[in-house]
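Okay, here's what each chain looks like letter by letter:
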Amino acid sequence: MSRLSRSVFVTALLTASAVVAATLPAGAQTREGLLLTGAASQSDTNSAFLTAGVVAQAPSPGGGGPVASGFGVGAKIGPLWSSFDSATVGSTTVNFDTSTGWEGGIWFGGNRGGRVGVMGEVLYAKKDQQVAGQTGSTSLKYLEIPILMRVNIGSRSRNGISVYGLVGPVFDVNLKAEANGIDVKKNYQSLDLGVLFGGGIEITRFLVEGRFNKGLRNVLDSSNAGSISDIKTKSFA
């Protein structure tokens, strides 16, 4: 991993850590028993689009109330549909098919009991690059770190119905790239930056969510990829 990737990765993690502290309600920040004993946490279930996971949230300060707290933690895994913008090689336009990969990891924050919150995620994502009309593909594996603003509309109760929107930057650290079993990581940038838009509905502790991630940088390393023009990623999960 390059020095730039390490720097961005550490910065993103520190930012996400600060986000968790910022989204905790006042009672959760001042009462050791609420978050440290583990007795105040409860399992919920989370589904991101076709992604399944589990959630643990502390109850509202004062104990036992139906209002969800500002701090949530969950794990998820599910399919990821990815593609790339068309590229130009000399005078030829190269198109890419949509390929199915997967992603999974953890999320935290979200401020379910408030109107606006911040949510961080640490995900492992597998994206396949498939040229239209050709056999074989390139498999790209990323450590994906979204830092998202979440806007909640509807009930604040964990047993109610809430609709929410997501938006924010995504940092993708290139871990590995293979084409037909051959290591081609040197042909790709070590870091991609994107922007994520999404939304979902939460009903009695179950979530259904969709999200679109649009890459903003050329994923190819121009010094090693030859005459191919910029290629930017796009994915839906």
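Residues numbered from 1 in each chain as written. Predicted model: local features only at pLDDT ≥ 70, side-chain atom pairs only at ≥ 80, totals over all residues. Heavy atoms only, no water.

Novice: Explanation requested: the overall build of the chain in the structure shown.
Specialist: Within the chain, the secondary structure is distributed over 3 helices and 14 strands. Relative to its 237 residues, the chain shows a buried fraction of 47%. Nonlocal contacts in the chain, meaning residues at least 24 apart in sequence, comprise 60% of its contacts between residues at least 6 apart. Accessible surface for the chain amounts to roughly 10,900 Å². Of this, 62% is attributable to carbon and sulfur atoms. (Helix = DSSP H or I, 4+ residues; strand = E, 2+ residues; numbered from the N terminus. Buried < 20%, exposed > 50% of the residue type's maximum accessible area, 1.4 Å probe, protein only. Contact = heavy atoms within 4.5 Å. Areas by Shrake-Rupley, 256 points an atom, 1.4 Å probe, with all protein chains shown as cover.)

Novice: Hey, could you run me through the confidence of the model for the chain in this one?
Specialist: Low pLDDT means the predicted coordinates in that region are not meant to be read closely. With 67% of its residues at a pLDDT of at least 70, the chain reaches an overall mean of 74. Confidence over residues 13–54 falls short of pLDDT 50; this stretch has 90 contacts with residues more than four positions distant or in other chains. Low confidence marks residues 57–65, where pLDDT is under 50. Its contacts with residues over four positions away, or in another chain, come to 29 contacts. (pLDDT = per-residue confidence, 0-100.)

Novice: How should the pattern of salt bridges be read in this particular structure?
Specialist: Where side chains of opposite charge bring their charged atoms close, a pairing between them can arise. Evaluation of the coordinates by the stated rule reveals 10 salt bridges. The salt bridge involving Lys-214 is made with Asp-85; its shortest N-O contact spans 2.8 Å. Here the residue Lys-214 occupies a position in strand β13 (residues 206–215), and Asp-85 occupies one in the loop between β3 (68–84) and β4 (87–89), the gap between them amounting to 129 residues. Using a relative accessible area of 21% as the deciding quantity, one classes Asp-85 as partly exposed. Taking the shortest distance from any N to any O, the salt bridge between Glu-209 and Arg-211 comes out at 2.8 Å. (Salt bridge = Lys/Arg side-chain N within 4 Å of Asp/Glu carboxyl O.)

Novice: Explain the nonpolar core to me, please; I cannot follow it from the model alone.
Specialist: Nonpolar side chains tend to gather and get buried jointly when the protein is soluble and globular. With 13 residues, the main nonpolar core has Phe-84, Phe-96, Leu-140, Tyr-188, Val-219 and Ile-231 as its most contacted residues. For this core, the elements supplying multiple residues, two or more each, are β9 (138–154) and β10 (161–179). In contact with Val-219, not counting residues within four places along its chain, are Phe-84, Tyr-142, Asn-187, Tyr-188, Gln-189, Asp-192, Ile-231 and Thr-233. Trp-107, Leu-148, Tyr-164 and Leu-166 belong to the second largest nonpolar core, which has 8 residues in total. (Core = buried A, V, L, I, M, F, W, Y, C linked by side-chain atoms within 4.5 Å.)

Novice: Explain the pairing of strand β8 (residues 116–131) here, please?
Specialist: Two faces make up the sheet, and in a regular strand the side chains alternate between them. Relative to β8, strand β6 (residues 96–97) runs antiparallel, the two being bridged by 2 bridges. Its bridge partner being in β8, Phe-96 is matched across the sheet by Val-131. Where strand β7 (residues 99–109) and β8 come together, 8 bridges link them in antiparallel fashion. Each residue of the ladder has a partner; that of Ile-106, found in β8, is Val-122. In sequence, β7 turns back onto β8 through a hairpin of 6 residues, with Gly-110 there showing a positive phi of about 105 degrees. Across 12 bridges, β8 lies against β9 in antiparallel orientation. Opposite Gly-120, over in β9, you have Ile-147 as the bridge partner. Here β8 hands over to β9 after 6 residues, with Gly-133 in that stretch at a positive phi of 80 degrees. (Pairing = 2+ DSSP bridges.)

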